Every structure is written in structure tokens, then in C-alpha cells.
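# Coordinates in review
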Amino acid sequence: MNRNLLCSLVILIFFCSTSVGQSNKAYISKLQKINILLSDIKYLPTDKERLSRNNEVRTILVEIIKNPSSFYDKFDSLKYMGKRISPDKKFAIITWNIPLINAKNVFYGYLQIKPKKDTCVIYPLNDISDSCATNPVFEQFTPERWFGALYYEIIPRSYSSQTVYTLIGSRLNNLMTNKKIIESLYFDENDKPIFGIPIFEYGLVTQCRVIFEFNIMARMTIHYNEKYKMIVFDHLAPPSSLFAGIYKYYGPDASYDAFYFENNIWKYFPKINIKNK
């Protein structure tokens, strides 16, 4: 090989590796910055300061997730955010919460579409759960009007001629109760995400999502059971019928319920005989 050509190749490899190294260093630095910004946000004395700090977080996060190389990163290094990638790799969803002075929480998120070119399409998720005037279990939402939650599981299912995704998440509610949610998500004819399609047959009605509320000290589990192909969850009940409908008294009663997907519907099965493992 020509000596000059060899030298040129060595120089090119050096600069390319240096550039990649610097790029990775900048990427890691941004993730670390997010951790630092969120680490003490609950100690800031006013909601205004907390939300201002969160705006800094969102600016940095958008810089990261617009980069196509970030799509497959699970963000395991982020301590105060959760990211889940759909099993079919169509999208990823990133969620987190900001605690307010009154013990309520505001939820934030981004839905990141799998990159097709040199950038990622992202949808900011705007939490309107506290101002929702209708019953949220029957309503469709969009990224602009999102019923906020922290998602930890995604379950795809074929629905007619499309794919519907079931999202399992949690909601920090207030000083008395927490909530868990089983959400539905699909993409319309313009490939825009829509939250809520009536696929949950729960009791006598069919809902777009299912929301559970229970005592803040209780621990409710909801997970997809791969063996039985069911969403299995703790049955919630009050200690006495006197407290029916007062959810700060609700908690698991050591029995389990489930949803099983059949004929385009998640059908509800109470008091099943398997453990939620």
C-alpha cells in the first residue's frame, strides 16, 4: 500500500474515532445533566421554580431524542424518568412526574417514533388529567390532551386491520391515594398517536382505559402474564362495605383479577386462580 495513502487512512480513522468519542461524551453529559436537574427538584420551595427547572430538563431531553441514535437507548442511566420501547420497535415512550407543593403531581412525556431518516418524529405529551371535565375512562385523548401516567409495560395486539398497544402505568395521585392505569394507544390514518379506544370490557360497559385508585400505603401490582396471555392484577376492596367507593380505604384483598384479549376486546375475569407473577 502506498505510504501516503496509509498515513491518510490512519489520520482519517483517528479523526473519526475522536469525533465519535466527543459525540458520545456530549450525549452522556446531557443525560447526567438531566439527572442533576431532577435530583433535588422536590426541594425547591415553589411550584414556579420546580416547573422552570423542568423546562430545562425538557429542552435537554428534546435535543437528545431528536437524534435517531437515541431511539434504542433505554435510558437506564436516567434515575427519574422511565422509557419503554414497543415490542415491535414502532415507538418509544418516555415519562416522568414533577411533584408540586400541594402534594399533587404533573406528568410529562414524549412519544418518540422509530426514525426513518436522519431525525426522530417526537410528540410532547401534555398532561390535562387534573382539568379533565369528563369521565376519563370513556374519553379519547391526544398528545396535546393526555391523561398522564408513568408507563412501565407495552402490550401490542392485532385489532381489526391495525395494531393497538396496551400501556400499563402508575399515577402518583395525592396524599391519600395512588392510581394505576391500563391505557390503550393506536395510530390513526395519518400515523398520529391517539390514546383511548374502547377495548376494555369491564363490568357492564366497554371503556377506553381502566383506572384503579387505592390507599397510598397499599401496593397494587398489574403486569402482563406471558404464560397465561392475560393482564393480571390485584383485586382491590375496602375493609368493609361501609367504605365502598371511598378509595383511600381500598387495597389488595389477596385475590386476583385479569383481562384476556379475545375478539378485539380485553375481557374482564374476576377472582382468577393464578398468582400475579
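Data block above holds the structure.
A few points on the structure.

Rules used throughout
- Residues numbered from 1 in each chain as written.
- Predicted model: local features only at pLDDT ≥ 70, side-chain atom pairs only at ≥ 80, totals over all residues.
- Heavy atoms only, no water.
- Helix = DSSP H or I, 4+ residues; strand = E, 2+ residues; numbered from the N terminus.
- Buried < 20%, exposed > 50% of the residue type's maximum accessible area, 1.4 Å probe, protein only.
- Contact = heavy atoms within 4.5 Å.
- Areas by Shrake-Rupley, 256 points an atom, 1.4 Å probe, with all protein chains shown as cover.
- Pairing = 2+ DSSP bridges.
- Lys, Arg positive; Asp, Glu negative; His and termini not counted.
- Salt bridge = Lys/Arg side-chain N within 4 Å of Asp/Glu carboxyl O.
- Polar contact = N/O pair within 3.5 Å; in protein donor to acceptor, adjacent residues only side chain to side chain.
- Patch = residues over 30% accessible without salt bridge, like charges linked within 9 Å, V, L, I, M, F, W, Y side chains within 5 Å.
- Core = buried A, V, L, I, M, F, W, Y, C linked by side-chain atoms within 4.5 Å.
- Phe/Tyr/Trp six-rings, centres within 6.5 Å; stacked < 30°, edge-to-face > 60°.

Time to look at the overall build of the protein chain. Looking only at helices and strands, the protein chain has two helices and 15 strands in total. Taken along the three principal axes of its C-alpha coordinates, the protein chain extends 85 × 50 × 35 Å. By the burial criterion, 46% of the 277 residues in the protein chain qualify as buried. Long-range pairs, those at least 24 residues apart, make up 52% of the contacts in the protein chain with a sequence separation of at least 6. Here the protein chain has roughly 15200 Å² of accessible surface; of this, 55% comes from carbon and sulfur atoms.

This part takes up the pairing of strand S7 (residues 177-187). Within S7, 11 of the 11 residues are buried, leaving the element largely enclosed by the surrounding structure. Residues of S7 alternate between two faces, with Thr177, Lys179, Ile181, Glu183, Leu185 and Phe187 on one and Asn178, Lys180, Ile182, Ser184 and Tyr186 on the opposite face, all of them buried. Two elements, strand S6 (residues 162-172) and S7, share eight bridges in a ladder whose sense is antiparallel. Across the sheet, Arg171 pairs through a bridge with Lys179, a residue of S7. Once S6 ends, the chain turns through four residues before running back antiparallel as S7. Of the pairings in the sheet, the one linking S7 to strand S11 (residues 210-215) comprises six bridges and is antiparallel in character. Within the sheet, the bridge partner assigned to Asn178 lies in S11 and is Phe214. Taken together, S7 and the strand that follows it, strand S8 (residues 193-195), pair antiparallel across an intervening segment of five residues, in which Asp191 is found at a positive phi of about 65°.

Below, the discussion takes up the side chain of Lys180. Take Lys180: it is sitting in strand S7. The charged side chain of Lys180 is buried without a salt bridge, its nearest counter-charge being Asp234 at 7.3 Å. Within the local environment of Lys180, its side chain forms a polar contact with the side chain of Tyr152, the two groups lying 3.4 Å apart. Excluding residues that lie within four positions of it along the chain, Lys180 makes contacts with Tyr152, Gly169, Ser170, Val210, Ile211, Phe212, Phe214, Met220, Thr221 and Ile222.

Two strands pair when backbone bridges link them, and strand S13 (residues 230-237) and strand S14 (residues 251-262) are joined in this way by seven bridges, in the antiparallel orientation. Along S14, the bridge assignment pairs Phe233 with Asp257. As paired elements, S14 and strand S15 (residues 265-272) share six bridges and run antiparallel to each other. Bridge pairing links Glu262 to Ile265 in S15. Between S14 and the antiparallel strand that follows it, S15, lie two residues; Asn263 among them carries a positive phi value of about 55°.

A cluster of nonpolar side chains, namely Phe138, Leu204 and Val205, defines an oily patch on the protein surface of about 350 Å² accessible area. Of note, Phe138 is situated in the loop between strand S4 (122-126) and strand S5 (150-159).

Counting residues in each nonpolar core, the largest one holds 25 residues, and the members touching the most others are Ile34, Leu61, Phe75, Met81 and Trp96. Where this core is concerned, the elements lending two or more residues are helix H1 (3-39), helix H2 (47-65), strand S2 (91-99) and strand S3 (105-113). Here this core takes six residues from H2, the largest share from any one element. Formed by 24 residues, the second largest nonpolar core is a distinct cluster that contains Tyr152, Ile155, Val164 and Phe259.

Counted by the stated rule, this structure contains nine salt bridges. Across the pair Asp40 and Arg53 runs a salt bridge, and its minimum N-O distance is 2.8 Å. With Asp40 in the loop between H1 and H2 and Arg53 in helix H2, this residue pair connects regions lying 13 residues apart in the sequence. A salt bridge links Lys229 to Glu226; its shortest N-O distance comes to 2.3 Å.

Moving on to the packing of aromatic side chains. Counted by the stated rule, this structure contains 19 aromatic pairs. Pairing Tyr165 with Phe187 gives two aromatic rings, centres 6.2 Å apart and planes at 90°, and the pair type is edge-to-face. Placement of the pair is Tyr165 in strand S6 and Phe187 in strand S7, with a sequence separation of 22 residues. Note on Tyr165: relative accessible area 2%, which makes it buried. When its relative accessible area of 10% is taken as the criterion, Phe187 is described as buried. Arranged with centres 4.8 Å apart and planes meeting at 85°, the rings of Tyr202 and Tyr268 form a pair that is edge-to-face.

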